[in-house]
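Each chain, letter by letter, is given below.
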Amino acid sequence: MASKTLHYPSPRHAAALYAGREENLVHAERTLGVRLISREDWLRLEGDDEPVARAEALFTFLDQARGQGMTIRTPDFYRITDAFARGEGAQLQALLATPLVIATNRRTIVPKTLGQKLYLQSMLAHPVVFGIGPAGTGKTYLAMAAAVNALLQNQVERIILTRPAVEAGEALGFLPGDLREKILPYLRPLYDALHDMLDAEDVARLSEKGVIEIAPLAYMRGRTLSRAFIILDEAQNTTPEQMMMFLTRLGEESRMVVTGDVTQIDLPKAKPSGLLEVRHILADIPGIDFHTFSGADVVRHPLVQRIIAAYEAYRAPGPGAGSS
């Protein structure tokens, strides 16, 4: 049996590592095969040598992550603990080897998974980046953070956010209001992310001055977008023609991020998705990078990750699939 006591500057500091919830320690005990005793400003680990070493590595990682600005929530604690239990601690440690922090007016954003960090690094290194993956992986949120940071750093002069206004279950013509009110629900997630990073007064002021523009994809036609950070969200609902139109708007000193989830295509069955096609067309062009997220990158409630995994398993062709 091994025993290790970890000491922290204060009881609050120690509790922050497991989101202040004793049941999270119970989860760690069960997952890692150790006994955890928390008192005031210390945490004791007891068990066999290997589980204790793994638990020590977990809490060392959590402490380092907290030191880099990461707030440990219960879903984060579960996800990180489970990763260490699977022997993926070294991959997570790579997140902290070279800190990558995106600063906005309202918060500091730190990538929570290795996939998120690679995605942010890609956005800093390439003029055009495609972020493809399931819901909850932070594709749009991190792109928005990179855009706001670029604007605050005077790397670009404006942010342009766009989505295709594709009907998903309701016909636009039957929704109440004028065109702007009909389109607003499609753009709401972009507004939500924006308000998470800038004060409401700044969003209103910058929107009024045209520094921040949020518009349906159709409004991009015929324009050249220079000195701008441009985000195309929900790109799985673009046609190939729309995708080409959008990508060819790229002007001098601009950056583009295209995000989408190819499992949530709302186009009519007869219309192919531009996001599915573009990877085959542009895969080998320098300056363009494709980043694919997996279910392991989901940063919402832990159940979301399990739901995605269950759907992926259900859709995977089994033995004899497709036979009559």
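What counts, and where the lines are drawn
- Residues numbered from 1 in each chain as written.
- Predicted model: local features only at pLDDT ≥ 70, side-chain atom pairs only at ≥ 80, totals over all residues.
- Heavy atoms only, no water.
- Buried < 20%, exposed > 50% of the residue type's maximum accessible area, 1.4 Å probe, protein only.
- Helix = DSSP H or I, 4+ residues; strand = E, 2+ residues; numbered from the N terminus.
- Arc of directions from axis to C-beta.
- Contact = heavy atoms within 4.5 Å.
- Phe/Tyr/Trp six-rings, centres within 6.5 Å; stacked < 30°, edge-to-face > 60°.

## A few points about helix α2 (residues 22-32)
For an α-helix, 3.6 residues make a turn, and residues three or four places apart therefore share a direction. By the burial criterion, the buried members of α2 are Asn24, Leu25, His27, Ala28 and Leu32. Summarising the axial view, the buried residues of α2 lie within an arc of 155 degrees, below the 170-degree limit, and thus occupy one face. Residues of α2 that are buried make contact with β2 (35-39), β3 (42-47), α3 (49-67) and α4 (74-85). Just past α2, the residue Gly33 takes up positive phi, approximately 75 degrees.

## Quick word on the packing of aromatic side chains
Under the definition given, this model contains four aromatic pairs. Note on Phe61 and Phe84: the rings are 5.7 Å apart at their centroids and 55 degrees apart in plane angle, and the pair reads as tilted. Within this pair, whereas Phe61 is found in helix α3, its partner Phe84 is found in helix α4, the two being separated by 23 residues in sequence. For the pair Phe61 and Phe84, one class covers both residues: buried. Each ring, one from Phe130 and one from Phe290, has its centre 4.4 Å from the other, and the planes form 10 degrees; the classification is stacked. Of this pair, Phe130 sits in strand β6 (residues 128-132) while Phe290 sits in strand β11 (residues 288-292), and the two are 160 residues apart along the sequence. Residue Phe130 is classed as buried on the basis of its relative accessible area, which comes to 0%. The exposure class assigned to Phe290 is buried, which follows from its relative accessible area of 13%.

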